[in-house]
Structure formats: structure tokens, C-alpha cells
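Descriptive structure summary
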Amino acid sequence: MSKKKLPSRTEDYNDWYNTVVMRADLADYGPARGTMIVKPYGWTLWENMQQALDRRFKDTGHVNAGFPMFIPKSFIDREASHVEGFSPELAVVTIGGGKQLEEPLVVRPTSETIIGHTYSKWIKSYRDLPVLINLWNSVVRWELRTKLFLRTLEFWWQEGHTAHATYEEAQEETLQMLEVYIDFARNEAAIAPFYGRKSNSEKFPGADVTYSIEAMMGDKKALQAGTSHNLGQNFAKAFDIQYLDNNNEMQYCWTTSWGLSTRFIGAMIMTHGDDQGIIMPPRLAPHQVVLIPIHKDDGQKSIVMETVDRISTELLDHDIRVHIDDREGFTPGHKFNYWELRGVPLRMEIGPKDVANQSVTLARRDIVGKEGKNIVSQENITSKVSDLLIVIQDSLLERAIKFRDGNTCEPRDYDHFKEIVADGFALAWWCGEDTCEIAIKSDTKATSRCIPDIDLPVKGGACIYCGKMSKDKAYFAKSY
RNA sequence: CGGGGUGUAGCGCAGUUGGUAGCGCACCGCGUUUGGGACGCGGGGGUCCGCGGUUCGAGUCCGCGCACCCCGACCA
């Protein structure tokens, strides 16, 4: 391992991010431009995220299925705004088995179209509804500028696709899944995103309404970290998803889709990371505790390892994810830095002094240096560790909220607005017009992130840009 | 596609008037070490982005490609 320090986040945030992703062994570049290799450490994190999400999907009545990666090109063309949105970034297969294909196949950029085609065959009666399916897969979008986890040609995600009998049910589903993402973000990833409705220009191509969760990164830029769409009857009409209602009348279905991707890993890195590296929220961390044995000679080693084995077994028995770093030839100091870079939330050092005193040394990743270090007795070590993991989880969330709110302001006027979005989020009255959003973007590089559904103390206000009376406020920020 | 930059060991770089390639980290071996990034000795690893040209001789000079990165237009 390099002994070089990381680039500091304040000096070059971008450099810090790229370096930390590589050095922490989360991911690497693939051989084709813009592709990503997720390394085992990064994939384990993804698996933990998958489990936390999948549990929530199952709890809300969804089931998983697998759908084809190849989609007939003509499917994409069926829904007008969907084509418009996705055609610039499609990967298209024209040759198969050495022969030119009759019809080109699109590598799925998302599955709404093939789902539409399939649901129209499956759904005949109101008794078939709702259909609540989720897919775990990867999708391909031919991006021009890429960045590990945040935007690559291929990325891994889940996409939920549901069909309902009524608008109300579809809208309820859309909002329910938004809630699932908010809950996942807060309680698993210790991220407190803003959330709300997307503006017309920011919504998903083919959706009536898009909702998103928007998290503030360490450089105060916004990252869209999950989306939930009410697709109305757009895809139902394009793919003829109809059912007979209980009056024997044909009706179009109302569909939704919602997704969260490996991009969220980027959100975790950029929410919690510091100049020592990344910080994993305990609930998702591949290793929750790293145990570092310290010893000089073989005699000390066998004594120390006895305690290490006993304590690690006890922790493992209580489902705490422990990793013992017993590699030879690395000093403890080296290992401290190594695991701090990788973000393990809690480090336990056990050396001869600890064995003699029936103690262990615990070091919190979220509190750098001596202040985060404590020597505690081995008594009830399991409950001490699991309590501390909860404390760390909570403090990460609290810190993230404080940072978010400390960098979000309501502007007095447009000059003030420009000042705010240069280095933070603005919550401002906004008319919602495309022209206003475009003007603001060319002026400030900031775009509307979402329009929160919040109780406003006054009924309306003047749009921050054009001054027109507006009933909503929107968050504005520069974004990834 | 516009504007800027870089291609030399896995990574980061040096390479003088053109003379046959080196440094740091990483890697392998042996020994001493180990409570905040250990040290010594030994070792392996190179179509110098590609093609063409000038020359007795090109990493170096000239021409043409290609790739990648950064900044803009598009994006979970």
C-alpha cells in the first residue's frame, strides 16, 4: 500500500473522490471507456444495500423477477418522450452470431418498454392487478462523461415496475416507494436527503410525475440518489396494457417505476468521507469491526491471539461483522490507516497491555485521532460494541443532517440566490417554468433538484427569477 | 462535436547537444521489526501509444494517426 496521504477534500474534491474509490478497493475502471469493475469490497457493500432494500420491497408486497437485457429497438420508439429521452444514449446491437439482425436490439437502458409489452400480455382482468415486480439487474446508457459509481456506461441497480387499476393506487405506490428510499437512506445509509417532485425538465422521459431523493455531498453539490415515477397511462397506452373492470369495461392500467443504483455508493462516500478516507455507515459496512492484534514476538502472539479469537467468536455469534487483520509484516499503525481509508466504522486493538488488563482499545472511525479512542474492559464486550455501532450510525446521520441544513438557505432575492447556489442549496419560490430553469442554469450552473411537498407558512411568493406569483418552493443546487 | 492537456514498469514521475532507459511507491525473497503509514540487503518486471520519415543511431527531431484526462453541450 502507498504511504502517500490522500488529496484533501477541500483542495481537490474530485481528486479525493477518485483516489479514495480506487485506494479503498471499491472499484476500478474497466478496459472499455466509461465502464466500471466493482471490486469485492465494493460489491459486498452493494449486497448489504440490496438486502436492506429487498427486505423493504418484500415487506411492501413486491416480488423479484428477471427480464431480458436485449430489447427490440422498436419498443423504445413506442412512447414519444421515452424515445426522445433515451435515444442519444442507447447501445444498439446490430450483429448476432456473425449475422446482421433483422431488427436491431437495444441493450436495456431501463425496462419500462419490455415491461409494458409483457404486462399487456399478462393483464386481462382487474383481478390480475396490481402487478408488483422488482428487477435486480444492470443497465447501459452511453454517457459521454463518466465517473466511478456516479455515471458509468453500465451500472447496477434495481428497477421496480408496477401496474394498478386506478390513478390513486399508482400514485400511492409511487409515494410509498419514495418513502422506502427515504427510510433506507436515513436508517441504513445515515443520509438525510431532501425529497420531492421533479421539475418538468428534470423528470423521467415518459413519466407524468417523478419524485426523487436528493442528497448533499461533501462539496455541497446535489446527487440524485433514487427516483420514483408515476407513469400515468403513458406506457399503458403505448403498449396496450388494458384490463376489464368489474363492469366489463376495458380500462388502461396506471403504472409506476422506481429505481436506486450503485450510484448510491457514491452518495455514501461523498456524504460521510473525510480526509482519512471513506466512512461506512455501520448498518451497511462490509466489516463493522476490524480487530487488530498487536504483538512483538511469538510468545506474545499466542497470548494475544487467544483473546482475539475469543472476542471475535463472541462478536460473530451476535451477528456483528468482524474482520481480523492478522497479516504479518505490517505494523499496527499501517493497519490503522489502511482500515480507516476503507471506512470500517469501529477498530478494536488488542495487544499485550490489553490482555494483561482484561481490556480492549476501541477507536471510532467517525471521530478522528485520540478523541475517538477508548480503552474499555472486556466485560460485556459484545453489547458495548453493538451499542457503539448504533452510536456511530446515529452520529453519522446527525452530522449529515447538520451539514445539509447548515448549507441550505432561503434567498432574499436573486443576487442572494446566486451567492447561495455557488456553494450550497437554495430553497426558493419558483414558478416551475422551463424557461426560468434554463435561465437560472446558464446563469449559475444550478438546476432545480426537487419541489418538496411541505407546509409553507405563506400561500405563495414571487418566483426567484421571473417574479411571477408561485405556489411552490424548489431546492436549487449544482448537481452531479 | 468545440477549447486545453497528457501518453515512458502496476501507480506516480524523471530522462541533458540524438548514443540503446532510470527514480519513488507497489510487488517477490531473506533477516531484523510491530500500541499511528518500520528498516536493511537482494530480486523480478519495459513492443518508451501506433505507423511512417530524417539519421550510422530516435524515448528524444519531423509528419500522420490513435487513446485517455480536464473544461463546455447531454445524463441515474
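Residues numbered from 1 in each chain as written. Chains lettered and ligands numbered in written order. Predicted model: local features only at pLDDT ≥ 70, side-chain atom pairs only at ≥ 80, totals over all residues. Heavy atoms only, no water.

Some points on the side chain of glutamate 112
Tracing the backbone shows glutamate 112 in helix H5 (residues 112-122). An unpaired buried charge is present at glutamate 112: no salt bridge exists, and arginine 141, the closest side chain of opposite charge, is 6.4 Å distant. At 2.6 Å, the side chain of glutamate 112 forms a polar contact with the side chain of serine 257. Setting aside chain neighbours within four positions, we find glutamate 112 in contact with His82, His161, Phe204, Leu231, Phe235 and Ser257. (Helix = DSSP H or I, 4+ residues; strand = E, 2+ residues; numbered from the N terminus. Buried < 20%, exposed > 50% of the residue type's maximum accessible area, 1.4 Å probe, protein only. Lys, Arg positive; Asp, Glu negative; His and termini not counted. Salt bridge = Lys/Arg side-chain N within 4 Å of Asp/Glu carboxyl O. Polar contact = N/O pair within 3.5 Å; in protein donor to acceptor, adjacent residues only side chain to side chain. Contact = heavy atoms within 4.5 Å.)

Brief notes about the nonpolar core
Of all hydrophobic cores here, the largest spans 58 residues; its most connected members are Val21, Leu26, Met49, Phe149, Phe264 and Ile269. Ignoring any residue separated from it by four or fewer positions in sequence, one finds valine 21 in contact with Leu26, Ala27, Leu148, Phe149 and Ile269. Among the nonpolar cores identified, the runner-up in size contains 27 residues, and Leu90, Leu231, Ala236 and Tyr243 belong to it. (Core = buried A, V, L, I, M, F, W, Y, C linked by side-chain atoms within 4.5 Å.)

Observations concerning the domain arrangement of chain A
Domain assignment breaks chain A into domain 1 (13-272), domain 2 (289-389) and domain 3 (408-477). Using C-alpha coordinates to define each centre, domain 1 is positioned 40 Å away from domain 2. Each partner contributes residues to the interface: domain 1 has six residues there, and domain 2 has four residues. Summing both partners gives a buried area of about 460 Å² for domain 1 against domain 2, and 51% of it is carried by carbon and sulfur. Together, Arg23, Ala24 and Tyr41 form the three largest contributors to the area buried by domain 1 at its contact with domain 2, with a combined 65%. For the pair domain 1 and domain 2, the number of links is one salt bridge. Two residues, aspartate 25 and arginine 342, come together in a salt bridge whose shortest N-O distance is 2.8 Å. Run the count over domain 1 and domain 2 and you get three residue pairs in polar contact (both at pLDDT 80 or more). Of all the elements in the fold, those that place two or more residues in the side of domain 1 that touches domain 2 are helix H1 (13-23) and helix H2 (40-59). (Domains from an automatic or database assignment. Buried area = accessible area lost by both parts, 1.4 Å probe.)

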